[in-house]
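# Chains, contacts and geometry: an overview
Residue strings, one per chain:
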Amino acid sequence: MNATLLNAEPEAPLPLLSVAGLNVSFGPVRRLSDVELTVGRGELVALAGEPGAGKTALVRCIAGDLAPTEGEILLDGRPVPTDPAAAGRLGISVVWQDLALCDNLDVAGNVLLGQETPRLMFAPDRLHAEAGSLLGRLQIPIPDTTRLVGTLSGGQRRLVAVAKAIRHEPRLLVLDEPTAALGVVEAGQVEGLITSLRRRGITILLASCDIEQMFRLADRIVVLRRGSVVAEVDPRSTHPDDLGALLSGQQVDSSARRQLTRLHGLADRLVSADPSSSLSLILAALGAALASDKVCLHVVSGPSLICAAALGFAPGEIAGWPRLPVGPAGGPVGRAAAGEQRVVEGDLSAGDAWSAFGGVSNSDAIAGAWSVPVTGPTGVSAVITVFRPRLGAPDRDELDLLTLYAGYAASAVERDRLLDQVTSRNRVLETIREMLETLAGPVTVAEGLAVALQSLRRGLQADEVALLTVVPDGWRAYAGPLGTDPATISIPLKAAAGPALADGRRDGCARAIGPNQRTRVLAVPFTGPAGPSVLLATWNDAVIAEEATALIEDAAHSLRLALEREEAGLAHQEAAALRRSRELQRGFLSRLSHELRTPLTAIRGYASSLMQPDVTWDADSQQRFLERIAAESARVGRLVDDLLDFSAIESGVMRLQPDWCDIHLVVEAAVSCLAGDSYAAVTVTCDPALPTVWADHDRLEQVFVNLLTNAFRHNPPGTRVRVVASETVAGATPDTSNPVRAASAAADAGRAAEIEICVSDDGPGFPAQLAMAPFDSARRHRSHTAGAGLGLSIAHGIITAHGGRIKLAPRCTGTTFRITLPVEALAAPEPGGEPQDPIDAELAGLAVTSAGHARTAVRILGDA
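Keep in mind that what you see is a predicted model, and the values were worked out from it rather than measured.

Here we come to the overall build of the protein chain. A count of helices and strands for the protein chain gives 25 helices and 28 strands. Looking at the protein chain as a whole, 44% of its 864 residues qualify as buried. For the protein chain, the proportion of contacts with a sequence separation of at least 24, taken over those separated by at least 6, is 62%.

Structure (structure tokens):
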């Protein structure tokens, strides 16, 4: 039980005064209706109400002077009797509005009236000393207590009444209109006394009609209207105008508090709203504040005023308002901007100020208007125009309110201006960045020019942009609404091209060229690497932005650098091609002389031996010498053919003659070309369902001849070779164990099928020093491997030309080359092939000439 008492929350203290369900009626008239009121200890509560609201009736009930019809009144939990004297003994003192003083008695007699003791009654000096002491304690400035109350001022009489009421320290002091009919000084004295009593802890109920007094003195304000409590407000968080609205029965939101709330809400919305909607929000709040449905705002733009926002107008009312001139021609709006002062038209029907501006002057809903300039950091930035349905000029409060909203509008206009500047600068920088990235990117300059001009067109917000060079291409690049085709260039742009090129000032500065009033053209002439050039941009029915000039000049500079880079790149390519041609020529001639030296030396030796006049050779020797000469001649022929093929592959001029080929027949033809009995050591396995391929039969046969010849030439006698051909799927691991399954899988997958041919031998394997780059002829030549080392390089070039792949497959023993060929070429070659590069053609001619000379020498030696 003790724990319960300890943990229980303390009860809230009872109020000193409690009024509940109080009703007072005088016959059929109800004066008070269900009044509820509480006053805490030491609290000062004000009763606010207009005359007749029921304040005095409530005070009389609390003082015990009026019996309520219903309800109860408690003082410290005890009912207040309906007897003023009994209520006084309970601790309630009242200072009535009529004071209840005796004018024929002096101050001391009134202060101590009804409380005299025999000691005071028969000792006037003691009576006056007692009264003077009380007034002194209360700091009431009435030094002479012998003066008749009738000779005192109204304020002094009030002070005497208060002193009389608190002589015995009442528990509740009720003041009924304590400063009514008093001057400022006297009212101040009374309020000072009330403040000092409150500091002493006396509980006070103040009935007053003075709103400012209640806000100065009260802790709470209870509002009475028509006998009922309608509100209870805190003076610290309530505006006096709100209290006035409550007293008169108006909505609190229609007072000045509403204006403050609206302004605070507007500020909050402006912080979070999109900048583009700021002016509309401000105008909406302004229209609501001034009770006007029609408000508009014009922003100053050079010599013109642009309508940036308008609210409440019908479509035809402001038809002539999108753009107004600054000055008298712009009507009241233009005059307000030019004179930097407000222009008021109290009666639109009295003059013709608005007659030229659509249906405003004819609207029945508009009687008066005024235009107020909005001043920013650089002067007038906008003009706000407010239209009213009633005649007359605005009052001072309305103009002050409009000026306040004009400050918000000035901030919004300035923010929009700065935002536009930042956006424009960002657009310029972004356009230059896009152009530089495009022109410096991996694409060629010719391809990048069109993309760069498209970016420039977006950045300039232009209709067309074109680059014109006199040499060699004319319209180098173009970007317009229909694409990048120069055939769609507009007539105004073509008309501006001539004068722009004819301008001798090629300084890279933009200048305006006007083929007609509707189309505006900016041209930037400059000197490019190939001669005069000009960058052109056109705008139709649009104003050229301020940043357009700087942007198009920077773009022209970037394009000039790109053209110079293109010219330097072409020169570099030509120089590199020339160096490559010379290197190939030297390499070809060096290889040709090196590879032909050995067989030609043997041929010359045998021929010289046969031609010795002093030596006679028998028939067998002569036949042996001739056979060696024939064999070396054939070797020279093969070397010449290999060199010619290798040169054609390296220079990219080798041409194929494709047709549908049977791989099995190609391999069999290659096997039949082997010398001696080597063909007997070759095993060929081909899938019977192997499809034909689109390839050059002779070139593929040459590949397999090279691979088979190498397999026998570079391996010991007795080496066996196996050739396996099967179908596989592009990008998949082949199933060589079941060719039919591999072909079926390729068909089911719907992907491109390939032919895979593996040429394997059981020899000692491929040399380790060559396995890293088996198709590099230079490495094979440097390793002193037997032969010219061109066979694998030629095979690699032929397979690559067919769109296939050849690689050395890893094996524990022997050597395996895996060849992959597409079943069908991606595109059939054009008859005659592609145009040949002049340098490659020169190299091919050199190879053909050298091979021709070599073949002639071989034929002569063979005949000999």
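There is more to say after this.
Okay, the sheet that holds strand β6 (residues 92–95) next. Across the sheet, six strands lie side by side as β6-β7-β8-β3-β9-β10; this open sheet has mixed pairing. In this open sheet, the two strands that pair with only one neighbour each are β6 and β10 (228–233). Averaged over neighbouring strand pairs, the angle between their axes works out to 20° when direction is ignored. By the bridge criterion, five bridges tie strand β3 (residues 44–48) to strand β8 (residues 203–208) in an arrangement that is parallel.

The next thing to look at is helix α16 (residues 491–502). Over its 12 residues, α16 extends 18 Å from the first C-alpha to the last, a length consistent with the 16 Å expected when each residue adds 1.5 Å. Turning to α16, its buried residues are Leu 493, Ala 496, Ala 497 and Ala 500. Buried positions in α16, seen along its axis, are confined to an arc of 120° and lie on one side of it. Seen from the open side of α16, the exposed residues pointing more than 90 degrees away from its buried face are Ile 491 and Ala 502. Looking at the buried side of α16, the elements it contacts are β17 (464–469), β18 (474–479), β19 (511–513), β20 (519–528) and β21 (531–540).

Before going further, it helps to examine the layout of surface pockets. Quantified by volume, the largest pocket comes out at close to 1,100 Å³. If you go around the largest pocket, you meet 31 residues; those closest to its centre are Val 300, Ser 301, Arg 417, Asp 420 and Glu 546. Those elements that provide at least two residues to the lining of the largest pocket are α12 (278–289), β11 (294–301), β12 (304–311), β16 (379–388), α14 (396–439) and α17 (546–610). Sort the elements by how many residues they give to the lining of the largest pocket and α14 lands first, with 10 residues.

Tallying each qualifying case throughout the model produces two aromatic pairs. With a centroid separation of 5.2 Å and an interplanar angle of 70°, the aromatic rings of Trp 660 and Trp 694 are classed as edge-to-face. Placement of Trp 660 in strand β22 (residues 659–661) and of Trp 694 in strand β24 (residues 693–695) is noted, with a sequence separation of 34 residues between them. On the accessibility criterion, Trp 694 (24% relative accessible area) is partly exposed. When the ring of Phe 766 is compared with that of Phe 817, the centres are 5.8 Å apart and the planes differ by 80°; the resulting orientation is edge-to-face. Of the two residues, Phe 766 sits in the loop between β26 (753–761) and α22 (768–771) while Phe 817 sits in strand β28 (residues 815–822), which places them 51 residues apart along the sequence. Residue classification places Phe 817 among the buried positions, given a relative accessible area of 7%.

Residues Leu 173, Leu 197, Ile 221 and Leu 243 are the most contacted members of the largest nonpolar core, which totals 48 residues. The leading source of residues in this core is helix α7 (residues 154–165), at six residues. Not counting chain neighbours up to four residues away, the residues in contact with Leu 243 comprise Ala 48, Ile 211, Met 214, Phe 215, Ile 221, Val 223 and Val 233. Among the nonpolar cores identified, the runner-up in size contains 42 residues, and Leu 700, Val 721, Ala 725 and Leu 790 belong to it.

Moving on: the sheet that holds strand β4 (residues 70–75). Taken together, four strands build an open sheet; the order of strands is β2-β1-β4-β5 and the sheet is antiparallel. Where the open sheet ends on each side, the last strands, each with one partner, are β2 (29–39) and β5 (78–79). The pairing of strand β1 (residues 17–26) with β4 spans five bridges and is antiparallel. What sits directly across from Ser 18, in β4, is Leu 74.

Mapping Gln 213 onto the fold places it in helix α9 (residues 211–217). Gln 213 has contacts with Thr 179, Glu 191, Leu 206 and Ser 208, leaving out every residue within four places of it along the chain.

For the rest of this paragraph, the subject is the pattern of salt bridges. Evaluation of the coordinates by the stated rule reveals 19 salt bridges. Salt-bridge contacts for Glu 191 lead to Arg 216; the nearest nitrogen and oxygen are separated by 2.7 Å. Linking Glu 191 in helix α8 (residues 184–199) with Arg 216 in helix α9, this pair joins segments that are 25 residues apart in sequence. A residue is classified by how much of its surface remains accessible, and Glu 191, at 11% relative accessible area, is buried. With a shortest N-O distance of 3.2 Å, Arg 805 and Glu 754 are connected by a salt bridge. Of the two residues, Arg 805 is situated in strand β27 (residues 805–809) and Glu 754 in strand β26; the sequence distance between them amounts to 51 residues.

Right, let's talk about the pairing of strand β9 (residues 220–225) for a bit. Among the six residues in β9, five count as buried, and that is most of the element. Relative to β9, β3 runs parallel, the two being bridged by four bridges. Paired with Ala 48 across the two strands is Val 223, which belongs to β9. The pairing of β9 with β10 spans five bridges and is classified as antiparallel. Of the residues in β10, the one forming a bridge with Leu 224 is Val 229. Between β9 and β10, which pair antiparallel one after the other, the connecting turn spans two residues, and Arg 226 there sits at a positive phi close to 55°.

Once that is clear, we can look at unusual backbone geometry. For Arg 226, which is not a glycine, the phi torsion comes out positive at approximately 55°. Counting through the fold element by element, Arg 226 comes out in the loop between β9 and β10.

Below, the discussion takes up the packing of helix α20 (residues 697–713) against helix α24 (residues 791–801). As a packed pair, α20 and α24 sit with axes 9 Å apart at the nearest point and diverge in direction by 150°. As judged from the angle between their axes, α20 and α24 are roughly antiparallel. The hand of the α20/α24 crossing is left-handed. Here Arg 699, Leu 700, Gln 702, Val 703, Asn 706, Leu 707 and Asn 710 of α20 lie close against α24, whose contacting residues are Gly 791, Leu 792, Ile 794, Ala 795, Ile 798 and Ile 799. Along the lines of polarity and charge, the residues of the contact of α20 with α24 split into eight nonpolar, four polar and one charged.

Conventions adopted
- Residues numbered from 1 in each chain as written.
- Predicted model: local features only at pLDDT ≥ 70, side-chain atom pairs only at ≥ 80, totals over all residues.
- Heavy atoms only, no water.
- Helix = DSSP H or I, 4+ residues; strand = E, 2+ residues; numbered from the N terminus.
- Buried < 20%, exposed > 50% of the residue type's maximum accessible area, 1.4 Å probe, protein only.
- Contact = heavy atoms within 4.5 Å.
- Pairing = 2+ DSSP bridges.
- Axes fitted to C-alpha atoms, helices over the stretch in contact; angles between N-to-C directions.
- Expected span 1.5 Å × (residues − 1).
- Arc of directions from axis to C-beta.
- 1 Å grid on protein atoms, 1.4 Å probe; cavity = no way out; pocket = protein on both sides within 12 Å on 5 of 7 lines; lining within 4 Å.
- Points joined across faces, edges and corners; volume = space filled by probe spheres on them.
- Phe/Tyr/Trp six-rings, centres within 6.5 Å; stacked < 30°, edge-to-face > 60°.
- Core = buried A, V, L, I, M, F, W, Y, C linked by side-chain atoms within 4.5 Å.
- Salt bridge = Lys/Arg side-chain N within 4 Å of Asp/Glu carboxyl O.
- Parallel < 35°, antiparallel > 145°, perpendicular 65-115°, else oblique.
- Left-handed = near helix turned anticlockwise from the far one by under 90°.
- Nonpolar A, V, L, I, M, F, W, Y, C, P; charged D, E, K, R; others polar.

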